[in-house]
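Observations on the model geometry
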Amino acid sequence: MKATSKKKTALITGASNGFGMELAKLFAKDGYNLVLVARSTDRLKKLGYSLQDEHQLEHVCIVTSDLTRPESAQEIYEEVKSSGIEIDVLVNNAGVGVHGTFLDNEFQRELDVIQLNVVSLVTLTKLFLPEMKLRNEGKILNLGSIVSLMPAPLMAIYGATKAFVLSFSEALANELKDTNITVTTLCPGAGNTDFFHKADAEYTKAANGPLSEPKDVARAGYEAMMKGEVKVVPGFMNKIQAAASNVIPDTALSSIMHMQMEEETKDAYYDKEA
Ligand SMILES: NC(=O)c1ccc[n+]([C@@H]2O[C@H](COP(=O)([O-])OP(=O)(O)OC[C@H]3O[C@@H](n4cnc5c(N)ncnc54)[C@H](OP(=O)(O)O)[C@@H]3O)[C@@H](O)[C@H]2O)c1
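Residues numbered from 1 in each chain as written. Predicted model: local features only at pLDDT ≥ 70, side-chain atom pairs only at ≥ 80, totals over all residues. Heavy atoms only, no water.

A separate point is helix H2 (residues 41–55). Across its 15 residues, H2 extends 21 Å between first and last C-alpha, which sits within 8% of the 21 Å expected from 1.5 Å per residue. Within H2 the residues assigned to the buried category are Leu-44, Leu-47, Gly-48 and Leu-51. Taken down its axis, H2 places every buried residue within 95 degrees of arc, on the same side. Relative to its buried face, H2 has exposed residues pointing more than 90 degrees away, namely Asp-42, Lys-46, Asp-53 and Glu-54. (Helix = DSSP H or I, 4+ residues; strand = E, 2+ residues; numbered from the N terminus. Expected span 1.5 Å × (residues − 1). Buried < 20%, exposed > 50% of the residue type's maximum accessible area, 1.4 Å probe, protein only. Arc of directions from axis to C-beta.)

Rendered as structure tokens:
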């Protein structure tokens, strides 16, 4: 069935968990129809259909896709087009990291991080932006990180992808400044999601320090996107860290970040858990 809705639609990648799931809830609460993308079909369906019921959304479209596959962005675009859906808001949220030294990490895993965090994000933007331009209206929310602003030793590839996301998004926001299309980058610090676990980084100091709640991060990103802000760093301590990154020399910043990404011994980790 073709969707003929006049209500706005948000496409959210990585909506099956964490920040993406909380963002989906915020869009639904404001009456947006949803296109939810991730690999976990069951989780997407459970979320999507419960939000549809709760908020009487006209359509929720579930797209199962592995965004590390080079063809995935084009396939998502074609699926959305064949359903007759116009995307008013594109949220490029799906992303993963990989913990360890560049020397030791498995290269294919790092290439997958680049494909997911950078290439798929850029491709989806390339595909959906022209229609926003034709309508002279649209919003893009991209997931950066606090490490968009500083090097991330022991997660070097991840940090570099997030630096790319911020640089790309800020430049694009400037190129579009005379249109009604806005591009916002959300740059959270460490958050209480599945991120560290998936990155094999659950024993690091960063993962066991203060963590932001996904709800709060999503809310900050959503509000900044609605206001058309170019960048948002949610949370007081993260804002301090972001400000400090402008004055601390890069080598010192790298050393601080290296310490944050070091593993606590597993004994210390389990002592804390007990
Ligand atoms: N949590 C943090 O500390 C933190 C801090 C700064 C920035 N971020 C960024 O925030 C974004 C969301 O992460 P999160 O913290 O919410 O982590 P999360 O709980 O692990 O959620 C990641 C989401 O991305 C999806 N995803 C992962 N690999 C995918 C793939 N190959 N294809 C399609 N979807 C995929 C996951 O769904 P499936 O597994 O179902 O595919 C999931 O929905 C990421 O871009 C991350 O880099 C996180």
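Next comes the rest of the account.
Further remarks concern the nonpolar core. Membership of the largest hydrophobic core comes to 32 residues, with the highest contact counts inside it found for Ile-12, Phe-27, Leu-34 and Leu-36. Elements with a contribution of two residues or more to this core: strand S1 (9–13), helix H1 (18–29), strand S2 (33–38), H2, strand S3 (60–64), strand S4 (89–92), strand S5 (138–143) and helix H7 (214–227). Among the elements that make up this core, the one with the highest residue count is H1 (seven residues). Beyond its immediate chain neighbours, meaning those up to four positions away, Ile-12 contacts Gly-20, Leu-23, Ala-24, Phe-27, Leu-34, Val-35, Leu-36, Val-37 and Val-91. (Core = buried A, V, L, I, M, F, W, Y, C linked by side-chain atoms within 4.5 Å. Contact = heavy atoms within 4.5 Å.)

Ordered in space as S3-S2-S1-S4-S5-S6-S7, the seven strands form an open sheet in which the pairing is parallel. The sheet terminates laterally at S3 and strand S7 (231–232), the two strands that pair on one side only. Examined bridge by bridge, S1 and S4 share three bridges and lie parallel to one another. Across the sheet, Ala-10 pairs through a bridge with Val-89, a residue of S4. Lying over the sheet, helix H5 (residues 156–175) contacts S5, strand S6 (181–186) and S7, oriented at roughly 155 degrees with respect to S6. (Pairing = 2+ DSSP bridges. Axes fitted to C-alpha atoms, helices over the stretch in contact; angles between N-to-C directions.)

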